[in-house]
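Commentary on secondary and tertiary structure
Letter by letter, the chains look like this.
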Amino acid sequence: MSLFEKHNEILQAALAEIKNRGYYSPYFEMPSSRVYGEGVKDAANASFKAQLNNKFEIKGLESDKFIGKETSPYGFDLGITYPSIKADKLVVDSKAAMSQWKKMSLNERTGICLEILDRINKRSFEIANAVMHTTGQPYMMSFQAGGPHAQDRGLEALTYAYKQLVDVPTEARFEKPMGKNPPVVQNKKLRVAPKGISLIITCSTFPTWNSYSALFASLVAGNSVIYKPHRNGILPIALTVEIAREVLEENGVDANLVTMILSDDRAETQGLVKNKNVKIIDFTGSTEFGDWLEDNAPQANVYTEKAGVNCLLIDNFDDMKGMSRNVSMALSLYSSQMCTAPQNIFIPKDGVTSNGEKLSFDDVAKVICGSVEKLLSVDERATEILGAIQNADICKRVDEASSLGEVLLESKTIKHPMFENATIKTPVVIKVSSKDKDLFHNEHFGPVILLIETDSREDTLNVWQETVELHGAITAGVYSSDEEYL
């Protein structure tokens, strides 16, 4: 049985759901031993501990230079080093591997990619540990977002790519009638041509979730991939590269189809970005570097997910308790270190109406702050929601947030029961005015929340619209029971 046949049921189910826009996942999102096997979690923990303070060697990526300085947000150095291979060699090897890969049929490539996803899924516990101790995500989120949810994104992208490519015929007969003369006949063979090397530059907070879509779309379409992991998020990508290369080699494919570059030479990395053979670049991270990529890689299709300013609008709403519970989780989960986390919460200065009762701005603010406090009142629960602060810049941002405006809820430091040196901070909530655009038109990445006092319900809409038009957003939420307003 071919790998395509082995995984075809999953592919067909995924094809049906991208058409229906419904829910489908073959990857179980809970860390259950009944699904993933008895002892798998313990084995993954042991594997992670064994990797600490050692070289992470990847077959076929041999080097005499190993680098890496990852630090766990939970308070210890990983001490893992990884092979550092020159960019020029990686490009040569990547091109050679792609020359073989692109000649394989779409079904062969798709089957191998589905097998890679299946192998990644089976090692979700290992990836969870790697994600947790590089990003600072709490364990459950590390397992879900770093594992099955990231795999879902990879499958979705794979499926969309397959759907586009399967409609391209491999053979065609062109026959044009010529009246009394014999027809013009051409027998054609068609092959989809890949664009070239796909460079995937990952972020420090969601390395797998934000890269698997690019990885599998590129591979299915016949491209080779070079990963460039964030300097403090290498381990999850190294595991991914290791798994992919194992599957490729087992199926007679040059494993250099998927490689990884680590370099302490900034000029070398920039040179790779500009290399004429790099035709696709996928990046998640800062606006500054995203803008640089867009300006300096004219030879490539550049896909960037940069900073945005996510907003919530509080209007006349009849379930303020429900709103506050929902908002408190959104503000607290992974310490707001997500691209989808809300930052700006717009509330009219005259307040809102809930079930016929008038609530002032201060009343609504008190409800939100009180709900955050209640959610995080038990340290053991709070640590499993907040995770750890990913880097020192975020800590500094939280500590200096009082300079932005009136502090409605102070941030406090929490001790983790298992990791005494973990950096854990609760959200700080600041009140500002809708006139203070220089404050809320910026992203304050991390648990810095702005409650913005607007002149009116209409002003809320106008200020929100202007914010998003100027600075972008990935998510928005509106709490209103007024259908006309909605």
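Scroll up to find the structure.
In what follows, the accompanying structure is described. Keep in mind that this is a model prediction, so the values were computed, not measured. All residue numbers refer to position in the chain's written sequence, counted from 1. Residue-level local features of this predicted model are given only where pLDDT is at least 70; pairs of side-chain atoms are given and counted only at 80 or more, and the full residue set underlies all totals for whole chains, interfaces and linings. The side-chain figures draw on all heavy atoms in the structure; neither hydrogens nor water molecules are used.

**Remarks on the overall build of the protein chain**
By definition, any uninterrupted DSSP run of H or I lasting at least four residues is a helix, any uninterrupted run of E lasting at least two residues is a strand, and each is numbered from the N terminus. When you go through the protein chain residue by residue, the secondary structure sums to 18 helices and 19 strands. Atoms counted for the radius of gyration: C-alpha only. Globule rule: 2.2 Å times residue count to the power 0.38. Its C-alpha atoms give the protein chain a radius of gyration of 25 Å, near enough to 23 Å, the size a compact globule of 486 residues would have. Out of the 486 residues belonging to the protein chain, those deemed buried represent 52%. Note on contacts: a residue pair qualifies if any of its non-hydrogen atoms lie within 4.5 Å across the two residues. Long-range pairs, those at least 24 residues apart, make up 72% of the contacts in the protein chain with a sequence separation of at least 6. With the model as given, the accessible surface of the protein chain reaches about 22,500 Å², and the carbon-plus-sulfur share is 49%. Only protein chains enter the accessibility calculation, which uses a 1.4 Å probe. A residue is then buried if its area is under 20% of the maximum for its type, exposed if over 50%, and partly exposed in between. Computed by Shrake-Rupley with a 1.4 Å probe, the accessible areas treat only the displayed protein chains as cover when residues are assessed.

**Quick look at the sheet that holds strand β16 (residues 406–409)**
Between any two strands, pairing holds if DSSP finds at least two bridges. Across the sheet, which stays open at both edges, the 6 strands sit in the order β16-β17-β18-β13-β12-β19 with mixed pairing between neighbours. The open sheet terminates on both sides in strands that have one partner only, identified here as β16 and β19 (476–479). With direction set aside, neighbouring strand axes in the sheet form an average angle of 25°. Direction of pairing for strand β17 (residues 428–433) relative to strand β18 (residues 448–454): parallel, over a ladder of 6 bridges. Each residue of the ladder has a partner; that of Val432, found in β18, is Ile452. The axes are straight lines fitted to the C-alpha atoms, using for helices just the contacting stretch, and the angles between their N-to-C directions are given from 0 to 180°. Its contacts with the sheet place helix α18 (residues 457–471) against β12 (311–314), β13 (344–348), β18 and β19, and it is angled at close to 155° to β13.

**Quick look at empty space enclosed by the protein**
Using protein atoms alone on a 1 Å grid, points that fit a 1.4 Å probe yet trap it form a cavity, whereas open point sets bounded by protein on both sides within 12 Å along at least five of seven lines form a pocket; residues with an atom within 4 Å of a point count as lining. Grid points are joined across faces, edges and corners, and a volume is the space filled by probe spheres set on the points. Applying the stated criterion across every chain, the model contains 1 cavity of 30 Å³ or more. Here the largest cavity is characterised by a volume of approximately 110 Å³. Lining the largest cavity are 14 residues, and of these Ser336, Met338, Ala341, Gln343 and Glu443 sit closest to its centre. Considering only residue class, the lining of the largest cavity consists of 7 nonpolar, 6 polar and 1 charged. Throughout this entry, Asp, Glu, Lys and Arg are counted as charged residues, while Ala, Val, Leu, Ile, Met, Phe, Trp, Tyr, Cys and Pro are counted as nonpolar. The remaining residues, Gly among them, count as polar.

**Regarding the environment of Phe445**
Relative to the helices and strands, Phe445 is located in the loop between α17 (437–440) and β18. Taking C-alpha positions, Phe445 is 14 Å from Glu288, a pair spaced 157 residues apart along the chain. In this structure Phe445 touches Thr205, Ser336, Gln337, Met338, Ile394 and Arg397, once residues within four positions along its chain are discounted.

**Points about the side chain of Asn275**
Residue position: Asn275 is located in the loop between α11 (266–274) and β10 (278–284). In the analysis that follows, any N or O atom pair within 3.5 Å is treated as a polar contact, provided that within protein one partner can donate a hydrogen and the other can accept it, and provided that, for residues neighboring in sequence, both atoms belong to side chains. One polar contact links the side chain of Asn275 to the main-chain amide nitrogen of Asn277, over a distance of 2.8 Å. If we ignore the near neighbours within four places in the chain, the residues touching Asn275 are Val91 and Gln299.

**Topic: the packing of helix α3 (residues 40–51) against helix α6 (residues 124–135)**
Contact pair α3 / α6: the axes reach a minimum separation of 8 Å and the direction vectors enclose 45°. Classified by the interaxial angle, the pair formed by α3 and α6 is oblique. Crossing hand, α3 versus α6: right-handed. On α6, the residues touching Val40, Lys41, Ala44, Asn45, Ser47 and Phe48 of α3 are Phe125, Glu126, Asn129 and His133. Among the residues making up the contact of α3 with α6, the classes are represented as 4 nonpolar, 4 polar and 2 charged. Working rule for angles: under 35 degrees goes down as roughly parallel, over 145 as roughly antiparallel, 65 to 115 as roughly perpendicular, anything else as oblique. Helix crossings fall into two classes, left-handed where the near helix is turned counterclockwise from the far one by less than a right angle and right-handed where it is turned clockwise.

**Observations regarding the sheet that holds strand β7 (residues 197–201)**
The strands making up a sheet are joined through hydrogen bonds of the backbone, oriented either antiparallel or parallel. An order of β9-β8-β7-β10-β11 is seen for the 5 strands of this open sheet, with the pairing classed as parallel. Of all strands in the sheet, those with a lone pairing partner are β9 (258–260) and β11 (301–305), marking the two edges. Across the sheet, the mean angle from the axis of one strand to that of its neighbour is 15°, orientation sign disregarded. Pairing analysis gives 5 bridges linking β7 to β10, with the strands arranged parallel. Each residue of the ladder has a partner; that of Ile197, found in β10, is Val278. Along the sheet face, helix α9 (residues 212–220) touches β7, β8 (225–228), β9 and β10 and points at about 165° away from the line of β8.

**Quick notes on the environment of Val273**
Following the sequence through the fold, Val273 ends up in helix α11. Val273 sits 25 residues away from Pro298 along the chain, and the two C-alpha atoms are 9.8 Å apart. For Val273, the residues in contact, after removing those within four places along its chain, are Leu199, Ile201, Val278, Ile281, Trp292, Leu293, Ala297 and Gln299.

**Some points on the pattern of salt bridges**
Here the idea is simple: oppositely charged side chains can pair when their charged atoms come close. Counted as salt bridges are all cases of a side-chain nitrogen of Lys or Arg within 4 Å of a carboxyl oxygen of Asp or Glu. Per the counting criterion, the structure on display carries 21 salt bridges. In this structure, Glu115 engages Arg119 in a salt bridge whose closest nitrogen and oxygen atoms are separated by 2.8 Å. One end of the pair is Glu115 and the other is Arg119, both in helix α5 (residues 106–122) and 4 residues apart, which spans about a single turn. In this structure, the salt-bridge partner of Lys431 is Glu453, at a minimum N-O distance of 3.7 Å. One end of the pair, Lys431, is in strand β17; the other, Glu453, is in strand β18, and 22 residues separate them in sequence. A residue is classified by how much of its surface remains accessible, and Glu453, at 23% relative accessible area, is partly exposed.

**Thoughts on unusual backbone geometry**
Even without a glycine there, the phi angle at Ser336 is positive, about 55°. Mapped onto the secondary structure, Ser336 falls in the loop between α13 (320–332) and β13. The buried category is assigned to Ser336, whose relative accessible area is 5%.

**Side note on the pairing of β10**
Of all 7 residues in β10, 6 are buried, a share of seventy percent or more. Relative to β11, β10 is paired through 5 bridges, and the arrangement is parallel. Bridged to Ile281 within β11 is Val302. A clockwise path from the first strand over the helix to the second, with the strands pointing away from the viewer, defines a right-handed crossover. Read as a crossover between parallel neighbours, the route from β10 over helix α12 (residues 287–296) to β11 is right-handed.

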